[in-house]
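A structural walkthrough
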There are 2 protein chains.
Amino acid sequence: MMATPLPGLPDRVTIYEVGPRDGLQNEKAVVPVEVKSEFVTRLAAAGLTTIETTSFVHPKWVPQLADAEELLGVLPRSGDVRYPVLVPNERGLDRALANGITEIAIFGSATESFARRNLNRTVDESLKMFAPVVERARAEGLWVRAYVSMALGDPWEGDVPIGQVVSVASRLMDLGCSQLSIGDTIGVGTPGHVTALIEALGAAGIGTDRLAVHFHDTYGQALANTLAALRAGVTVVDASAGGLGGCPYAESATGNLPTEDLVWMLNGLGVETGVDLDELVATSRWMAGRLGRPSPSRVVQALSPESE
Amino acid sequence: MMATPLPGLPDRVTIYEVGPRDGLQNEKAVVPVEVKSEFVTRLAAAGLTTIETTSFVHPKWVPQLADAEELLGVLPRSGDVRYPVLVPNERGLDRALANGITEIAIFGSATESFARRNLNRTVDESLKMFAPVVERARAEGLWVRAYVSMALGDPWEGDVPIGQVVSVASRLMDLGCSQLSIGDTIGVGTPGHVTALIEALGAAGIGTDRLAVHFHDTYGQALANTLAALRAGVTVVDASAGGLGGCPYAESATGNLPTEDLVWMLNGLGVETGVDLDELVATSRWMAGRLGRPSPSRVVQALSPESE
């Protein structure tokens, strides 16, 4: 298919793949480590260069990722693929450092309700918990990403004021984080809201060179929101191969933006990603077979043999 | 949910609802006329003001719409709701006029392959067939819409040059049509392509005041493409309640843009549509029950009680 650029978009976008962590952490049945390893390896072979692989959260909370060390032990560590790992606290950072991890992510919340439910803390308390994690990680030379979840709406609080998101985002970046991922955890956001939030973050000193966006497709808005974010200057987009995942502590937070649907749009726009769409679709189709249910990605469905 | 406008978008969008015709013409089991009538009536009650209701195609080709006269006979004709009907040829126009229809649509093709398969004619022959239909319709005071299908790609020909689409579109408008609906019948288009096509149509004298867009979500692109079209000045958007429908002569052409997902975005952007989203969702949920399968609309899924 011929590419037709749209003026004002970046030439290249980095896809931050979250399927193995954000996707598989919600599977009721634990996925065997061999399957996870093959999944990550095939995603890297398809051209994804940043793959959030697992989480050093306590196995009691997310048993699906209890095999973090084992998975990292068997993954081929290639020089040009980054494998960030989610780290909830200092104990998680210890495990990351012990395993030679060089990129970590912390998971903050823009709202008190979600901080309470996901982190069992107030927003203030969560920032106090993150401070020594980020400080020590940076001292050890690690790259640190901060998620700001519920940045475009909250299932308990409804609207989330932009000023509140900017405040939490600024405090996270002040801790020393390298990148901020704006999370529409329940997928309610729309393109004007996305644009206004990115502009407000820029006005507060957090430029698009330090931003990523993380959209859920719960209300079908993820790709339109991505287009708005790209127009606003963002060049890092989170997506999940095959559309795996959601959020275990927010019932309605289903449906990450499928990586394939994103790549289809970027290919059509002539925006480089380095991803081989056919290999990616084959990987998600294989993974859907392992999980025993079809992928929610429109592209995976459209390109699968049974629909041809 | 608070609305946040995006500069450069229209204040108001007219949704051209295609579910009853484009959606139900693909149902394997014929939907009873009582159900169709209730569907259309409820869509109008939800605030949709333009509802393409049925087609005067020969029942041999589309038996699902063989009840066109019967349906139109039982529909309450309110003064502020328009019920355009698809008319394939002069015989169809006779039926439209006999039934007091004041708005019709003709269904053209941008490509020879689809003209052959859908109309059993070359593009030239199809335009010759449409000419007397449009001429007589206009002489009778009817409003005439022209679809240009396969405008962003064709399953047999692949890429469709923009110049070719502009040429067919111009010839359709020269016949005297009032509105042109650009159809991405197989859903392969992306936002840059959409923008370039709208600009090329404008340069050829077909301004956005005479354009509508008709996107399919086969590859997940429909809403992002809609956003691009709105930015380019389009104010009429085709959508299908609950995401019903596709195209009976193109296997991969599944998935109209769901009206609910469109309304969610427009509500969030503060763009007026006059549609009550809750009533619309309730209507699509009811229709999904009649059809015996869940709606593919993300919004309908997210707002249905079983997912709450």
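Treat the numbers as computed from the prediction; the structure is a model and nothing was measured.

The rules we used
Residues numbered from 1 in each chain as written. Chains lettered and ligands numbered in written order. Predicted model: local features only at pLDDT ≥ 70, side-chain atom pairs only at ≥ 80, totals over all residues. Heavy atoms only, no water. Least-squares fit on C-alpha atoms with pLDDT ≥ 70 in both. Contact = heavy atoms within 4.5 Å. Helix = DSSP H or I, 4+ residues; strand = E, 2+ residues; numbered from the N terminus. Buried < 20%, exposed > 50% of the residue type's maximum accessible area, 1.4 Å probe, protein only. Buried area = accessible area lost by both parts, 1.4 Å probe. Salt bridge = Lys/Arg side-chain N within 4 Å of Asp/Glu carboxyl O. Polar contact = N/O pair within 3.5 Å; in protein donor to acceptor, adjacent residues only side chain to side chain. Nonpolar A, V, L, I, M, F, W, Y, C, P; charged D, E, K, R; others polar.

Next up on the list: the relation of the copies chain A and chain B. Between chain A and chain B, the superposition needs a rotation of 180 degrees and an axial shift of 0.0 Å, giving an RMSD of 0.0 Å. The two molecules are tied by a two-fold rotation axis, judged by turn and shift. Taking the C-alpha atom as reference, chain A places Ala-224 of chain A closest to the rotation axis, 2.0 Å from it. Here 97% of the contact residues of chain A are again contact residues in chain B; the copies associate through an equivalent surface.

Where the residue is not glycine, phi is negative for most of them; where a peptide bond is considered, it is trans in most cases. Residue and element names in this part refer to chain A. Of note, Asn-120 is a non-glycine position whose phi angle comes to about 55 degrees, a positive value. Here Asn-120 shows up in the loop between helix H5 (112–119) and helix H6 (123–139). Classification of Asn-120 by relative accessible area gives exposed; the value is 57%. Non-glycine residue Met-150 carries a positive phi angle of around 55 degrees. Of note, Met-150 is situated in the loop between strand S6 (143–149) and helix H7 (162–174). A relative accessible area of 0% places Met-150 in the buried class.

Turning our attention to the interface of chain A and chain B. Counting from both sides, the interface comprises 34 residues of chain A and, opposite them, 33 residues of chain B. Of the roughly 3,200 Å² buried at the junction of chain A and chain B (both faces included), carbon and sulfur atoms supply 64%. Summed over the three residues of chain A that lose the most area to chain B, namely Tyr-219, Trp-264 and Arg-298 of chain A, the buried surface amounts to 21% of that side. At the boundary of chain A and chain B, one finds two salt bridges. Applying the counting rule to chain A against chain B returns 10 residue pairs in polar contact (both at pLDDT 80 or more). Contributions of two or more residues to the side of chain A that touches chain B are made by helix H8 (191–203), helix H9 (222–231), helix H10 (259–269) and helix H12 (298–303) of chain A. For the side of chain A that touches chain B, the residue count by class is 19 nonpolar, 10 polar and five charged.

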